[in-house]
Amino acid sequence: MKPLLDWWQSLQPREQQLVRWAGGVVGISLLYFSVWQPVHEYRESRQMEAAAAQQQLQWLQQKLPLIQGNSSAAARGSQSLNDIVARTAPQYKINVSRMQPQNDQLQLSIDDVPFEQLLRFLNQLQTEQGVQLVQLDIANTEVAGTVRVRRLVLE
């Protein structure tokens, strides 16, 4: 420590003042880069995460009616099951041979249809229209990959 004190005393007053200013600038820089900037970056990242979580919460709250078990009517809005099936079936080249409403449900029979096409049709009804599949009774046909839907109950 004595060599540093001897060096300080050997400096001119103007040089001592310059060293003080330089020391202050270095001290402030150290505080900024070692304390302030990391704290500020951490705070900003937490705010961004909170905003993302808020957006996700809003999205989930919008999707809540579809997630809940008894949400098919709410997701469909004012459209009837008959209308939804009648509009969606032709998109997948599905020929509905019988459509019978029963209370809040709709019972269908479908002529021979490729199984993958049937799955896409049911997926469309469930994910985008809010229709719930209650029961499905299918039978094989002579054509590989094709099924006949004896009974399909939607809600």
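Owing to the predicted nature of the structure, the values given are computational and were not obtained by experimental measurement.

Concerning helix H4 (residues 81–88)
Here is step 1 of the chain: Buried residues of H4: Leu81, Ile84, Val85 and Thr88, and no others. Down the axis of H4, the buried set is contained in an arc of 95 degrees. They therefore lie on one face.

Side note on the packing of aromatic side chains
The geometry of two aromatic rings is summed up by the distance between their centres and the angle between their planes.
Here is step 1 of the chain: Enumeration over the complete set of coordinates arrives at two aromatic pairs.
Here is step 2 of the chain: Taking the centre distance of 4.9 Å and the plane angle of 85 degrees together, the rings of Tyr32 and Phe33 count as edge-to-face.
Here is step 3 of the chain: With a centroid separation of 6.2 Å and an interplanar angle of 65 degrees, the aromatic rings of Tyr92 and Phe121 are classed as edge-to-face. Of this pair, Tyr92 sits in the loop between H4 and strand S1 (96–102) while Phe121 is found in helix H5 (residues 115–127), placing the two residues 29 residues apart along the sequence.
Here is step 4 of the chain: Taking the relative accessible area as the measure of exposure, Tyr92 reaches 17% and is therefore buried.
Here is step 5 of the chain: Exposure remark for Phe121: the relative accessible area of 0% places this residue in the buried category.

Side note on the environment of Gln105
Here is step 1 of the chain: As for its placement among the helices and strands, Gln105 is situated in strand S2 (residues 105–114).
Here is step 2 of the chain: On the basis of relative accessibility, which here comes to 24%, the residue Gln105 falls in the partly exposed class.
Here is step 3 of the chain: Separated by 103 residues in the primary sequence, Gln105 and Lys2 have C-alpha atoms spaced 94 Å apart.
Here is step 4 of the chain: The contacts of Gln105, once residues within four sequence positions are left out, are Leu81, Gln100, Val134, Val153, Leu154 and Glu155.
Here is step 5 of the chain: Of note is the side chain of Gln105, whose polar atom sits 3.5 Å from the side chain of Glu155.

Each value, and the rule that gives it
Residues numbered from 1 in each chain as written. Predicted model: local features only at pLDDT ≥ 70, side-chain atom pairs only at ≥ 80, totals over all residues. Heavy atoms only, no water. Buried < 20%, exposed > 50% of the residue type's maximum accessible area, 1.4 Å probe, protein only. Helix = DSSP H or I, 4+ residues; strand = E, 2+ residues; numbered from the N terminus. Arc of directions from axis to C-beta. Phe/Tyr/Trp six-rings, centres within 6.5 Å; stacked < 30°, edge-to-face > 60°. Contact = heavy atoms within 4.5 Å. Polar contact = N/O pair within 3.5 Å; in protein donor to acceptor, adjacent residues only side chain to side chain.

By themselves these figures say nothing about function.
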